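Commentary on secondary and tertiary structure
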Amino acid sequence: MTAKARRGAPRPATLIPGDGIGPEVIDAAVQVMAAAGGRIAWDVQPAGKEAFEKMGTAIPEALLASIRRTRVGLKGPLETQIGRTGYRSVNVALRKTFDLFANVRPIRSHPGVRTAFSGVDLVVVRENTEDLYSGIEHTIAPGVVESVKVITARASRRIARFAFDLARRERRHKVVAIHKANIMKLSDGLFLACAQQVAKRHPRIHYGELIVDNACMQLVLRPQEFDVLLLENLYGDIVSDLCAGLVGGLGLVPGANLGARHAIFEAVHGTAPDIAGKNKANPLAAVLSGAMLLRHVGQRRAADRIERAVSRLLRERRHRTCDLGGTAATSAVTERLIALL
Ligand code: NAI
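Residues numbered from 1 in each chain as written. Predicted model: local features only at pLDDT ≥ 70, side-chain atom pairs only at ≥ 80, totals over all residues. Heavy atoms only, no water.

Examining the sheet that holds strand E1 (residues 11-16)
One open sheet accounts for ten strands, arranged E2-E1-E3-E12-E11-E4-E5-E10-E8-E9; its pairing is mixed. Only two strands of the sheet have a single neighbouring strand rather than two, namely strand E2 (40-44) and strand E9 (206-211). With direction set aside, neighbouring strand axes in the sheet form an average angle of 25°. In terms of strand pairing, E1 meets E2 through five bridges, oriented parallel. Along E2, the bridge assignment pairs threonine 14 with aspartate 43. Lying on the sheet, helix H4 (residues 61-70) is in contact with E1, E2, strand E3 (72-75) and strand E12 (263-265); it crosses E1 at an angle near 150°. The strands touched by helix H10 (residues 284-296) are E2, E3, strand E4 (102-108), strand E11 (256-258) and E12; relative to E3, the strand with the most contacts, the crossing angle is about 175°. (Pairing = 2+ DSSP bridges. Helix = DSSP H or I, 4+ residues; strand = E, 2+ residues; numbered from the N terminus. Axes fitted to C-alpha atoms, helices over the stretch in contact; angles between N-to-C directions. Contact = heavy atoms within 4.5 Å.)

Observations regarding the packing of helix H8 (residues 212-221) against helix H9 (residues 233-246)
The contact between H8 and H9 brings their axes to 10 Å, and the two run at 10°. When the axes of H8 and H9 are compared, the pair comes out roughly parallel. Counting all contacts with H8, which are made through Val212, Cys216, Leu219 and Val220, the residues of H9 involved are Tyr235, Val239, Leu242, Cys243 and Leu246. Across the contact of H8 with H9, the residue classes tally to nine nonpolar, no polar and no charged. (Parallel < 35°, antiparallel > 145°, perpendicular 65-115°, else oblique. Nonpolar A, V, L, I, M, F, W, Y, C, P; charged D, E, K, R; others polar.)

Some remarks on the site of the ligand
The local shell around the ligand holds 21 residues, among which Leu78, Asn91, Gly270, Ala272 and Asp274 are the closest. Take asparagine 91: an N or O atom from its side chain is 2.9 Å from an oxygen atom of the ligand. Between the ligand and histidine 269 there is a distance of 3.4 Å, counted from a nitrogen atom to a side-chain nitrogen or oxygen. Compared with its free state, where it exposes 810 Å², the ligand has 70% of that area covered by protein. When grouped by side-chain class, the residues that make up the shell around the ligand number nine nonpolar, seven polar and five charged. (Near = heavy atom within 4 Å. Polar contact = N/O pair within 3.5 Å; in protein donor to acceptor, adjacent residues only side chain to side chain. Areas by Shrake-Rupley, 256 points an atom, 1.4 Å probe, with all protein chains shown as cover.)

Shown next, in the form of structure tokens:
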């Protein structure tokens, strides 16, 4: 048997290029993953604006069927239309359809990237299926609208268990639940009560709570003191961008949307319309999301190789995109990364 046959067939996965800078950074990720020895058979599926324009729907059935089949995807950012017009958020729909209840965003300082802090190493764990993202909104009377924040014990317990399990698995010591239960006594109160119940079953992991506004201040004063952050959907969305800023910005932070059966990996950043199509986007967040995917499907060595190459590239300080103060093109960063593998 040849070495290739022993390694087995490539793992099928769905590839969603996305809108804006999506196709540029996803192309970089795919190239780097292959060069690192990742064995993935991509099923490319449009979604979002591209799909809407070509097929009249932002979430084609073929895309859903592909994810059902492969159970794992790498996704570029998708444009979300603002206000009343346009289609509903594809991101929210995918998370709900596949019950991708946990959004995980590792936030790490990179030696070589100058920021206000060094030594930041925390993980944002965000509940991904409910809260103000319920999509339930109505006009009560002219000039008065209501958006419904849904918090359930089931989803709150599930995400708290996930956060503590992640802390145990990654040998982390502290989980901090972030909330606004002083104002939203019922909804955030329920979220906290569930986190407290789960915390009791993990006596070796320190459990703390912070009100979200105070948490933001503490994060920009002493980010090194945080370990695992446990948040509802909206606070998680906002706080993870703040955390990205602590380590050099959105161009560097990968993410995963995880459910019991399916997983979709994607950078934290959006479509960056201001630099789309200009070969200027930082591909590293998408590349690191690709590394998370490889680790998820058991291709750990390829994932480690990618992460080491990203560290070396950043330490070299030569190939930097505009978000990191450089002038390098997306394609130049990708080529250098491949050379470093
Ligand atoms: P954004 O993340 O697209 O951009 C914010 C700023 O960061 C911009 O100045 C942009 O140029 C910069 N930036 C982002 N990623 C970068 C990269 N890889 N390299 C260099 N610079 C980068 O956020 P914004 O402007 O709020 O959203 C634009 C669109 O993206 C909206 O339609 C929004 O709904 C969507 N979006 C989609 C997400 C997803 O699909 N997961 C996540 C966040 C936003």
